[in-house]
Amino acid sequence: MVAFRTGTVDALLAERRGLQRVTVDGQRAYVLTDLIGEVAVGDHVVVNTTAVDLGLGTGGWHVVHWNLTRERRDEPGPGHIMKLRYTSLQVDTGSYEEHEPTDAQAEDGLDGLPVVVAGLHSLVAPIAAAVRQSRRGARIAYVMTDDAALPLVLSDLVADLTASGILDVTITAGQAFGGDHEAVNVASGLWAARHRLDADLAIVAMGPGNVGTGTTLGHAALGQVPVIDLAGRLGGEVTLALRASGVDARDRHRGLSHHTTTVLRLAGGPLTVAVPGRWRDLLDPQLAEIDGAHRVEHVEAREVLGDLRDAGIELRSMGRRAADDPCFVDCAAAAGQLAAAQVTGP
């Protein structure tokens, strides 16, 4: 199913670089302005309504596909690397690799860069907040994969984390786009974080909009496996942020999520998982059942929700307030603390 319709922009609700939120004939829609340019009240537009029509988790927003009021748009890009390739919205985002020698990447590797890998976009916030508490001067990079939403600009969470100084720099990898820097893939994005952007630590996670099913392999979180293996082989120090819950009504996500247990079973590279001390009775037995190349560290997780609230962030995940699921938050914060301990410098 695919659904398009035309309509008229009747209000501008909000905007930031790369994004406008509008109403079209009274219904909410967003505009990715780096792709199609800005719209104005009164413009006649084409809107993709498919996700809302299907009741998917888009937050009830249509997507403006094209502005019919404009006859053409010519916007030169920074290079020849295309993203959204072979679609009608392919765009020359460029990438830093166009100007980097590949032999240097292979020789340098990640040089011990602490890398926290997470299976949900919302986990980025407590991980980063815990790192910032532990290492005030650390430079934190977020590498967004293309396992979920492709436009980084859709993330209000990352916008707030960046504006508040909790995150320092963003890199969009693969078909994801719109970060401070573009990379062809996650491995080269991590290399850039270490050697070109002076990051002390990197967080790798998908964007908003996780896709999951009740099957063992049918979920976007499986994208963590190649990230773990590549980061380890390139000389990174890998910590996996456990996805765990004490309140989720679904058995497969209670305690350790089945997404996390599958990743731990399939990841070949050595990695560390941080278990918050107060949740070890819940999580240790589940981890003991998994035959994988992982090391368990017990950490007394810091309280990070206060720092996030101070930054204007009321964290939510999977339809719940994060404050109502302390296990979820503590596991992410513990991973951030553990990785922060590997950071050298202030």
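Residues numbered from 1 in each chain as written. Predicted model: local features only at pLDDT ≥ 70, side-chain atom pairs only at ≥ 80, totals over all residues. Heavy atoms only, no water.

Focus on the overall build of the chain
Inference 1: The secondary structure content of the chain amounts to 11 helices and 19 strands.
Inference 2: For 346 residues, the compact-globule estimate of 2.2 N^0.38 gives 20 Å, and the C-alpha radius of gyration of the chain, at 20 Å, lies within 12% of that figure.
Inference 3: Dimensions of the chain, computed from the C-alpha atoms along their principal axes, are close to 60 × 50 × 40 Å.
Inference 4: A fraction of 68% describes how many contacts in the chain between residues 6 or more apart in sequence connect residues 24 or more apart.
Inference 5: Of the roughly 15100 Å² of accessible surface on the chain, a fraction of 50% belongs to carbon and sulfur atoms.
Inference 6: Side-chain charges in the chain split into 30 positive and 44 negative, and the spacing between the mean points of these groups amounts to 4 Å. (Helix = DSSP H or I, 4+ residues; strand = E, 2+ residues; numbered from the N terminus. Rg over C-alpha atoms; globule rule 2.2 N^0.38 Å. Contact = heavy atoms within 4.5 Å. Areas by Shrake-Rupley, 256 points an atom, 1.4 Å probe, with all protein chains shown as cover. Lys, Arg positive; Asp, Glu negative; His and termini not counted. Charge placed at Lys NZ, Arg CZ, Asp CG, Glu CD.)

Observations regarding the pattern of salt bridges
Inference 1: The tally for this structure, following the rule as stated, stands at 10 salt bridges.
Inference 2: Of the charged contacts in the structure, one is a salt bridge between D330 and R278, with a shortest N-O distance of 2.7 Å. You can see D330 sitting in helix α11 (residues 326–340) and its partner R278 sitting in the loop between β16 (271–276) and α9 (280–288), a full 52 residues away along the chain. (Salt bridge = Lys/Arg side-chain N within 4 Å of Asp/Glu carboxyl O.)

Re the packing of aromatic side chains
Inference 1: Inspection of every chain in the model, using the stated rule, returns 1 aromatic pair.
Inference 2: The interplanar angle of 10 degrees and the centroid separation of 6.3 Å between the aromatic rings of Y96 and W191 together place this pair among those described as stacked. One end of the pair, Y96, is in the loop between β7 (91–92) and α3 (102–108); the other, W191, is in helix α6 (residues 186–195), with 95 residues separating them in the sequence. Across the pair, exposure class does not vary: Y96 and W191 are buried alike. (Phe/Tyr/Trp six-rings, centres within 6.5 Å; stacked < 30°, edge-to-face > 60°. Buried < 20%, exposed > 50% of the residue type's maximum accessible area, 1.4 Å probe, protein only.)

Looking at the pairing of strand β9 (residues 140–144)
Inference 1: Counting buried positions over the 5 residues of β9 gives 5, a clear majority of the element.
Inference 2: Covered by surrounding structure in β9 are I140, Y142 and M144 together with A141 and V143, the residues of both alternating faces.
Inference 3: As judged from the 5 bridges shared by β9 and strand β12 (residues 201–205), these two strands associate in the parallel manner. Bridging from a neighbouring strand, Y142 pairs with I203 of β12. (Pairing = 2+ DSSP bridges.)

Describing the pairing of β12
Inference 1: Buried residues dominate β12, accounting for 5 of its 5 residues.
Inference 2: Side-chain alternation along β12 places L201, I203 and A205 on one buried face and A202 and V204 on a second face that is also buried.
Inference 3: As defined by bridge partners, strand β8 (residues 114–117) adjoins β12 across 3 bridges and the pair is classed as parallel. Paired with V115 across the strands is A202, a residue of β12.

Details of the sheet that holds β8
Inference 1: Spatial ordering of the open sheet is given by β11-β10-β9-β12-β8-β13-β16-β17, a layout of 8 strands whose pairing is parallel. In this open sheet, the two strands that pair with only one neighbour each are β11 (181–183) and β17 (294–299). Neighbour-to-neighbour, the strand axes of the sheet open up by a mean angle of 25 degrees, direction not taken into account.
Inference 2: On top of the sheet, helix α7 (residues 224–233) reaches β8, β12, β13 (237–240) and β16; it is set at about 155 degrees to β13, its chief contact.
Inference 3: Its contacts with the sheet put helix α8 (residues 258–266) on β13, β16 and β17, and the angle it makes with β13 is roughly 150 degrees. (Axes fitted to C-alpha atoms, helices over the stretch in contact; angles between N-to-C directions.)

Comments concerning the environment of G55
Inference 1: Here G55 is to be found in the loop between α2 (50–53) and β5 (62–67).
Inference 2: Of the residues examined, G55 reaches a relative accessible area of 60% and is grouped as exposed.
Inference 3: In sequence terms G55 and T170 are 115 residues apart; their C-alpha atoms lie 30 Å from each other.

Describing the side chain of T49
Inference 1: Inspection of the secondary structure puts T49 in the loop between β4 (44–48) and α2.
Inference 2: The class for T49 is buried, based on a relative accessible area of 5%.
Inference 3: Ignoring sequence-local partners within four residues, the contact set of T49 consists of A3, R5 and H62.

What to know about the sheet that holds strand β3 (residues 27–32)
Inference 1: Taken in spatial order, the 5 strands close into a barrel running β1-β2-β3-β5-β4, and their pairing is mixed. Strand-to-strand twist in this sheet, taken as the mean axis angle between neighbours without regard to direction, amounts to 55 degrees.
Inference 2: Bridge analysis of strand β1 (residues 4–16) against strand β2 (residues 19–24) gives 6 bridges, and the strand direction is antiparallel. Across the sheet, the residue bridging to A11 is T23, located in β2.

So, the packing of helix α4 (residues 124–134) against α11
Inference 1: Where α4 meets α11, the closest approach of the two axes is 7 Å, and the angle between their N-to-C directions is 45 degrees. It follows from the interaxial angle that α4 and α11 lie oblique. Every pair of crossing elements has a handedness; the one defined by α4 and α11 is right-handed. Between α4 and α11, the residues in contact are P126, I127, A130, V131 and S134 and V329, A332, A333, G336, Q337 and A340, respectively.
Inference 2: For the contact of α4 with α11, the residue count by class is 8 nonpolar, 3 polar and no charged. (Parallel < 35°, antiparallel > 145°, perpendicular 65-115°, else oblique. Left-handed = near helix turned anticlockwise from the far one by under 90°. Nonpolar A, V, L, I, M, F, W, Y, C, P; charged D, E, K, R; others polar.)

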